[in-house]
Amino acid sequence: QVQVVESGGGLVQPGGSLKLSCAASGSIFSIRAMGWYRQAPGKQRELAATITNGGSTRYSYSVKGRFTISRDNAKNTVYLQMNSLKPEDTAVYYCNVKGYYSNYQGEFDNWGQGTQVTVSS
């Protein structure tokens, strides 16, 4: 089993900043990639940012230049620093972790429960 737990959401004014954290734990041999996705009310879940174990990053056009993804491989943790937040960034943010189980039990692709980010004055 692999558990994925997010934290750090909340209410922030437009132009403000928030930092999300996501930690993976359990029967992990290695993590291949970690990422943040978001889902606004009435919309499909979309990619915000991803990072590989080698440090390669990818951002959606809507967050590039404002959000920064980083990871601590030793802690199996990924972060999303969100700056210059806009009302349209309001969504539930989900963490995704892809990797390999310990004891040669194959691959996993797990999601966290989500954390609400609300940008409003």
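All residue numbers refer to positions counted from 1 along the written sequence of the respective chain. Side-chain atom pairs in this predicted model are given and counted only at pLDDT of 80 or more, local residue features only at pLDDT of at least 70, and totals for whole chains, interfaces and linings cover all residues. As a convention, hydrogens and water are excluded, and side-chain values are obtained from all of the structure's heavy atoms.

## Digging into unusual backbone geometry
Inference 1: With a phi close to 50°, Asn 76 is a non-glycine residue in the positive phi region.
Inference 2: Only DSSP runs of H or I covering at least 4 residues are called helices, and only runs of E covering at least 2 are called strands; the numbering of each starts at the N terminus. Within the element layout of this structure, Asn 76 appears in the loop between strand E7 (67-72) and strand E8 (77-82).
Inference 3: The exposure class of Asn 76 is partly exposed, given its relative accessible area of 23%.
Inference 4: Positive phi, normally seen in glycine, also occurs at Ser 84, with a value near 50°. Note on classification: 1.4 Å probe, protein chains only; a residue is buried when its accessible area is under 20% of the maximum for its type, exposed when over 50%, partly exposed between these limits.

## Quick word on the state of the cysteines
Inference 1: Criterion for a disulfide: a pair of cysteine sulfur atoms at a distance within 2.5 Å. Within this structure, the stated rule accounts for 1 disulfide.
Inference 2: Two residues share a disulfide in this structure: Cys 22 and Cys 95, whose sulfurs sit 2.0 Å from each other. Across the S-S bond of Cys 22 and Cys 95 the torsion is about -80°, and the bridge reads as left-handed. Note that Cys 22 is positioned in strand E3 (residues 18-26) and Cys 95 in strand E9 (residues 91-101), a separation of 73 residues in sequence. An identical accessibility class is assigned to Cys 22 and Cys 95; each is buried.

## What to know about the environment of Ser 121
Inference 1: Looking at where Ser 121 falls in the secondary structure, it is placed in the segment after strand E11 (115-119).
Inference 2: Here the alpha-carbon distance between Ser 121 and Ala 74, two residues 47 residues apart in the chain, equals 38 Å.

## Structural notes on the packing of aromatic side chains
Inference 1: Pairing of aromatic side chains here covers Phe, Tyr and the six-membered ring of Trp, requires ring centres within 6.5 Å, and sorts the geometry by plane angle: under 30 degrees stacked, over 60 edge-to-face, intermediate tilted. One pass over the full model with this rule turns up 2 aromatic pairs.
Inference 2: Only when the NZ atom of a Lys or the CZ atom of an Arg is both within 6 Å of the ring centre and within 35 degrees of the ring normal do we say a charge sits over the ring. One Lys or Arg, Arg 45, reaches over the ring of Tyr 94 and ends 3.7 Å from the middle of that ring.
Inference 3: For Arg 45, the ring lying beneath its charged end belongs to Trp 111, and the centroid distance is 4.6 Å.

## Topic: the pattern of salt bridges
Inference 1: We define a salt bridge as a side-chain nitrogen of Lys or Arg found within 4 Å of a carboxyl oxygen belonging to Asp or Glu. The full count for this structure, using the stated rule, is 5 salt bridges.
Inference 2: A salt bridge links Glu 107 to Arg 32; the nearest nitrogen and oxygen atoms lie 3.6 Å apart. Taken together, the residues span a long stretch of sequence, with Glu 107 in strand E10 (residues 107-111) and Arg 32 in strand E4 (residues 28-39) at a distance of 75 residues.
Inference 3: Between Arg 66 and Asp 89 there is a salt bridge, and its shortest N-O distance comes to 2.7 Å. Taken as a pair, Arg 66 in the loop between strand E6 (57-59) and E7 and Asp 89 in the loop between E8 and E9 lie far apart in primary sequence, 23 residues in all.
Inference 4: Judged by relative accessible area, which is 0%, Asp 89 ranks as buried.
Inference 5: Salt bridges sharing partners connect three or more residues here, namely Arg 38, Glu 46, Arg 66 and Asp 89.

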